[in-house]
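Chain residues, written in single-letter form:
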Amino acid sequence: MPRILLAGMCLGALFVAPVARAQSGSDGGGLMDILVPKVKPNTLAAIKPQPQAWPRLDPGAIFCTSEADLSKLAARRSGQAVDGPVDCQIIRSATAISIVNRAGPGRSEVKISDPKAGDLTGWTDAWLPDKAPVGGKAGRR
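Residues numbered from 1 in each chain as written. Predicted model: local features only at pLDDT ≥ 70, side-chain atom pairs only at ≥ 80, totals over all residues. Heavy atoms only, no water.

1. A look at the overall build of the chain
Thought 1: Secondary structure assignment for the chain yields four helices and six strands.
Thought 2: Going from N to C terminus, the chain has its helices and strands arranged as α-α-α-β-β-α-β-β-β-β.
Thought 3: When the 141 residues of the chain are sorted by exposure, 21% land in the buried category.
Thought 4: Of the contacts made within the chain by residues no fewer than 6 positions apart, 50% connect residues no fewer than 24 positions apart. (Helix = DSSP H or I, 4+ residues; strand = E, 2+ residues; numbered from the N terminus. Buried < 20%, exposed > 50% of the residue type's maximum accessible area, 1.4 Å probe, protein only. Contact = heavy atoms within 4.5 Å.)

In structure tokens, the structure reads:
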């Protein structure tokens, strides 16, 4: 029995030494490194989200070069016959704008400042509230 107790104490000392060394801060690769892996810092937590532009036109919004084109588009959407082409385009990515004039909740004159194309003024039927909605769901229908 004393031999078993002595053997147990020797084995215990073998396990305690690496644990004590790992807890002391030395990077000896002890037993604690095996039992408790080191946690790497989360790099995604360090990335801060960029504030989104407001006001903006979200993807899928319509941008027409004139108010008449916006009216023609509305007529065409309702199934009426429209003379001539309609000069409108669909916005493909979130685009910062300035609101020039409001002609109702579904008709606003806006200006897009594009560094490549310069300032573009046109009309949209996108819903553009005065304040940015909470949660980033602006302009969605």
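2. Some words on the pattern of salt bridges
Thought 1: Using the criterion set out here, one finds four salt bridges in the structure.
Thought 2: A salt bridge links Glu67 to Arg107, with the nearest nitrogen and oxygen atoms 4.0 Å apart. A residue pair is termed long-range when its members are at least 10 positions apart, and Glu67 in helix α4 (residues 67-77) and Arg107 in the loop between β4 (95-102) and β5 (108-114) qualify at 40 residues.
Thought 3: The closest approach of N and O atoms between Asp125 and Arg77, which form a salt bridge, is 2.8 Å. One end of the pair, Asp125, is in the segment after β6 (118-124); the other, Arg77, is in helix α4, with 48 residues separating them in the sequence. (Salt bridge = Lys/Arg side-chain N within 4 Å of Asp/Glu carboxyl O.)

3. Concerning the environment of Trp127
Thought 1: Topologically, Trp127 is positioned in the segment after β6.
Thought 2: A residue is classified by how much of its surface remains accessible, and Trp127, at 47% relative accessible area, is partly exposed.
Thought 3: The sequence separation of Trp127 and Ala61 amounts to 66 residues, and the corresponding C-alpha distance is 9.2 Å.

4. Focus: the nonpolar core
Thought 1: Listed in full, the nine residues of the largest apolar core are Leu57, Ala61, Phe63, Ile91, Ile97, Val110, Ile112, Ala126 and Leu128.
Thought 2: By size, the runner-up hydrophobic cluster in this structure holds five residues, among which are Cys64, Leu70, Leu73 and Trp123. (Core = buried A, V, L, I, M, F, W, Y, C linked by side-chain atoms within 4.5 Å.)

5. So, the side chain of Asp58
Thought 1: Among the structural elements, Asp58 can be located in the loop between β1 (56-57) and β2 (62-64).
Thought 2: Among the residues examined, Asp58 registers a relative accessible area of 8% and is labelled buried.
Thought 3: In this structure the side chain of Asp58 is engaged in a polar contact, spanning 2.7 Å, whose partner is the side chain of Arg56. (Polar contact = N/O pair within 3.5 Å; in protein donor to acceptor, adjacent residues only side chain to side chain.)

6. Here we look at α4
Thought 1: Restricting attention to buried positions, one finds in α4 the residues Asp69, Leu70, Leu73 and Ala75.
Thought 2: Against β2, β3 (88-90) and β6 lie the buried residues of α4.
Thought 3: Backbone geometry just after α4 places Gly79 at a positive phi near 95°.

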